[in-house]
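Here is how the chains run, residue by residue.
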Amino acid sequence: MAYQLYRTTTLGSTLQESLDEMIQNNQIPPALALKILQQFDKVINNALESRVKSRLNFKAGKLETYRYCDNVWTFILRDVEFKDSQGHGHSEPVKVDKVKIVACDGKSAAAAKDSDK
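Position labels on residues start from 1 in each chain and follow its written sequence. Residue-level local features of this predicted model are given only where pLDDT is at least 70; pairs of side-chain atoms are given and counted only at 80 or more, and the full residue set underlies all totals for whole chains, interfaces and linings. Calculated side-chain values reflect all of the structure's heavy atoms, with hydrogen atoms and water omitted.

A.B. asks: How do you make sense of helix α1 (residues 10-24) when you look at a structure like this?
C.D. replies: Helical periodicity: at 3.6 residues per turn, an α-helix aligns residues three or four positions apart in one direction. Between its terminal C-alpha atoms α1 stretches 21 Å, which fits the 21 Å expected from 15 residues at 1.5 Å a residue. What counts as a helix is a DSSP run of H or I of at least four residues, what counts as a strand is a run of E of at least two, and both are numbered from the N terminus. N26 sits one or two positions beyond α1 and adopts a positive phi of about 55°. Expected helix span is given by 1.5 Å per residue-to-residue step, counting one fewer step than there are residues.

A.B. asks: What exactly am I supposed to notice about the pattern of salt bridges here?
C.D. replies: Charged atoms that come close allow side chains of opposite charge to pair. Throughout this description, the term salt bridge denotes a Lys or Arg side-chain nitrogen within 4 Å of a carboxyl oxygen of Asp or Glu. Evaluated as defined, the whole model comprises 4 salt bridges. In this structure, the salt-bridge partner of R7 is D41, at a minimum N-O distance of 2.5 Å. Placement of R7 in the segment before α1 and of D41 in helix α2 (residues 30-51) is noted, with a sequence separation of 34 residues between them. Take R7 and D41: they sit in the same class, and that class is buried. Linking E64 and R78 is a salt bridge whose minimum nitrogen-to-oxygen distance equals 2.5 Å. Of the two residues, E64 sits in strand β1 (residues 56-69) while R78 sits in strand β2 (residues 72-84), which places them 14 residues apart along the sequence. Throughout this description, buried means an accessible area under 20% of the type-specific maximum (1.4 Å probe, protein chains only), exposed means over 50%, and partly exposed covers the range between.

A.B. asks: Help me out: how do you make sense of the sheet that holds strand β3 (residues 94-104) in this one?
C.D. replies: Hydrogen bonds between backbone groups are what pair the strands of a sheet, and the pairing can be parallel or antiparallel. Being paired, for any two strands, means DSSP has found at least two bridges between them. One open sheet accounts for 3 strands, arranged β1-β2-β3; its pairing is antiparallel. The open sheet terminates on both sides in strands that have one partner only, identified here as β1 and β3. Strand-to-strand twist of the sheet, defined as the mean angle between neighbouring strand axes without regard to direction, takes the value 20°. Note: β2 against β3, 10 bridges, orientation antiparallel. Bridge pairing in β3 places L77 opposite V99. The angle between two axes is taken between their N-to-C directions and runs from 0 to 180 degrees, where each axis is a line fitted to C-alpha atoms and a helix contributes only its stretch in contact.

A.B. asks: What should I look at first to understand the pairing of β2 in this one?
C.D. replies: Walk down a regular strand and you will see the side chains alternate between the two sheet faces. Of the pairings in the sheet, the one linking β1 to β2 comprises 12 bridges and is antiparallel in character. Across the sheet, the residue bridging to L63 is L77, located in β2. Between β1 and β2, which follow one another and run antiparallel, lie 2 residues, and D70 among them has a positive phi close to 55°.

A.B. asks: Help me out: how do you make sense of α2 in this one?
C.D. replies: Taking 1.5 Å as the rise per residue, α2 with 22 residues should run 32 Å; its terminal C-alpha atoms sit 31 Å apart, in good agreement. Within α2 the residues assigned to the buried category are A33, L37, F40, D41, I44 and N45. For α2, the arc enclosing every buried residue in end-on projection is 115°, short of the 170-degree limit, so these residues lie on one face. Exposed and facing more than 90 degrees away from the buried side of α2 are A31, K35, E49 and R51. In this fold, the buried residues of α2 make contact with α1. Read the arc as the range of directions from the helix axis to the C-beta atoms. Here, residues are in contact when the closest pair of their heavy atoms is within 4.5 Å.

A.B. asks: What am I meant to see in unusual backbone geometry here?
C.D. replies: What is expected of a backbone is that most residues other than glycine have negative phi and most peptide bonds are trans. Non-glycine residue D70 carries a positive phi angle of around 55°. Residue placement: D70 occurs in the loop between β1 and β2. Of note in the backbone geometry, N71 takes a positive phi value of approximately 65° without being a glycine. Summarising the element assignment, N71 is placed in the loop between β1 and β2.

Bear in mind that shape data such as this cannot, by itself, settle questions of function.
What follows is the structure in structure tokens.
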């Protein structure tokens, strides 16, 4: 089973809204919408793992909160500075007041992906 984390992105939310509308208009059954969302979860996780090569460094002024539950780390950081580690894009650091980082255990996801085959 793939993580459902990316359903809250703009792309995931738009997909869910479209599927909900199609269900309400009796264009697809709810079971098909669920299968589509599950396929989205698998594809987006795989694409981010295999296609994204960018790296980013960050430094936080304060770790406000951290939590580890069900192989998922959640961090809330204050006064964070981001830098492109490969020299692409912004040459100046980007500073933000507050950041939430959700990090999932990639090894568990890879094992789940292998068991789906």
